[in-house]
Amino acid sequence: MSHKLLLSEKEVAIILHRLACQLIEKHLDFSTTVLIGIQPRGIYLAERLKQLLEQEYHVPSIALGYLDITFFRDDFRRTATPIEANSTKVDFLVENKKVIFIDDVLYTGRSIRSALTAIQSFGRPAEIELLVLIDRRFSRHLPIQPDYRGRQVDAINQEKVKVHWKEQDGEDAVYLVPTSTTT
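Residues numbered from 1 in each chain as written. Predicted model: local features only at pLDDT ≥ 70, side-chain atom pairs only at ≥ 80, totals over all residues. Heavy atoms only, no water.

Quick word on the sheet that holds strand β6 (residues 148–153)
What the five strands build is an open sheet, ordered β3-β2-β4-β5-β6; its pairing is parallel. Two strands in the sheet have a free side with no partner beyond their single neighbour: β3 (63–67) and β6. Taken pair by pair, the neighbouring strands of this sheet meet at an average axis angle of 25 degrees, ignoring direction. Across five bridges, strand β2 (residues 33–38) lies against strand β4 (residues 98–106) in parallel orientation. Bridge pairing in β4 links Thr 33 to Lys 98. Where helix α1 (residues 9–27) meets the sheet, it contacts β2, β4, β5 (127–136) and β6, and its direction lies at approximately 140 degrees from that of β6. (Pairing = 2+ DSSP bridges. Helix = DSSP H or I, 4+ residues; strand = E, 2+ residues; numbered from the N terminus. Axes fitted to C-alpha atoms, helices over the stretch in contact; angles between N-to-C directions. Contact = heavy atoms within 4.5 Å.)

Structure below.
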């Protein structure tokens, strides 16, 4: 089985603009709203949305943080190899703020559950929303749904959705790949 292209660079760009517009509709000036990219791969989407909002839609100075959930995961001790943590960078209080978690793929919901626990270290948000590029809707283990989604994908368990970002992978694209071929 080969890689199947789900979203091209052009389609990713269109979706990013749509998501940015949906955020503006709901949050207007972002004075009480913060973006939190879930490490490791949600940060690329979060950075791209911040850039779009500020440069294309002229929303001034949006707070952006990165949240590492490694040690909050329920499968943290279930791997044979040690897990490497990513960095957390939340240099603002989330107390009484509207927090938007941003991740590339929503699969089982466990990463988001971990993020809900991890964010409590930085205060108590007024509300939390979830924005994802890809929603694998029939794969959920927990009752977690996105508030904003780029595209819904129905993938069987033997397939993985792989998001490529220019910053990390040299291209913007989304592929469906066999589980045994995740590169």
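Focus: the packing of α1 against helix α2 (residues 42–56)
For the pair α1 and α2, the least separation of the axes is 10 Å and the interaxial angle reads 70 degrees. Taken together, the axes of α1 and α2 lie roughly perpendicular to each other. When the axes of α1 and α2 are compared, the crossing they make is right-handed. Facing Leu 16, His 17, Leu 19, Ala 20, Leu 23 and Ile 24 of α1, the residues of α2 in contact are Leu 45, Arg 48, Leu 49, Leu 52, Leu 53 and Glu 56. Considered class by class, the residues forming the contact of α1 with α2 number nine nonpolar, one polar and two charged. (Parallel < 35°, antiparallel > 145°, perpendicular 65-115°, else oblique. Left-handed = near helix turned anticlockwise from the far one by under 90°. Nonpolar A, V, L, I, M, F, W, Y, C, P; charged D, E, K, R; others polar.)

Re the pattern of salt bridges
Applying the stated rule across the entire model yields eleven salt bridges. Glu 127 is the salt-bridge partner of Lys 26, the closest N and O atoms lying 3.6 Å from each other. Of the two residues, Lys 26 sits in helix α1 while Glu 127 sits in strand β5, which places them 101 residues apart along the sequence. Under the relative-accessibility criterion, Glu 127 is labelled partly exposed at 30%. Across the salt bridge formed by Lys 26 and Glu 129, the nearest N and O atoms sit 2.4 Å from each other. One end of the pair, Lys 26, is in helix α1; the other, Glu 129, is in strand β5, and 103 residues separate them in sequence. Taking relative accessible area as the criterion, Lys 26 reaches 46% and is therefore assigned partly exposed. Linked by salt bridges that have partners in common, Lys 26, Glu 127 and Glu 129 make up one network. (Salt bridge = Lys/Arg side-chain N within 4 Å of Asp/Glu carboxyl O. Buried < 20%, exposed > 50% of the residue type's maximum accessible area, 1.4 Å probe, protein only.)

Thoughts on the sheet that holds strand β7 (residues 159–164)
Strand order in this open sheet of three strands is β1-β8-β7, and the pairing throughout is antiparallel. Two strands close off the open sheet at either side, each with one partner strand: β1 (4–7) and β7. Sheet twist, expressed as the mean angle between neighbouring strand axes with direction ignored, is 30 degrees. Summarising the sheet, β1 and strand β8 (residues 173–178) pair through three bridges and their orientation is antiparallel. Its bridge partner being in β8, Leu 7 is matched across the sheet by Val 174. The sheet contacts of α1 involve β1 and β8, and relative to β1 the element is tilted by about 25 degrees.

A closer look at the nonpolar core
Among the nonpolar cores identified, the biggest contains 35 residues, and Leu 49, Leu 131, Ile 134 and Val 174 are the most heavily contacted of them. The biggest single contributor to this core is α2, with seven residues. Among all residues touching Leu 49, those that are not within four sequence positions of it are Leu 16, Leu 19, Ala 20, Leu 23, Ile 102 and Leu 131. Counting 18 residues, the second largest nonpolar core, distinct from the first, contains Ile 38, Val 90, Val 94 and Val 99. (Core = buried A, V, L, I, M, F, W, Y, C linked by side-chain atoms within 4.5 Å.)

Focus on the environment of Ala 173
Of note, Ala 173 is situated in strand β8. Exposure remark for Ala 173: the relative accessible area of 3% places this residue in the buried category. Note: C-alpha distance between Ala 173 and Gln 55 (118 residues apart in sequence) is 22 Å. Other than its neighbours up to four places away in sequence, Ala 173 contacts Leu 5, Leu 7, Val 12, Lys 162, Val 163 and His 164.

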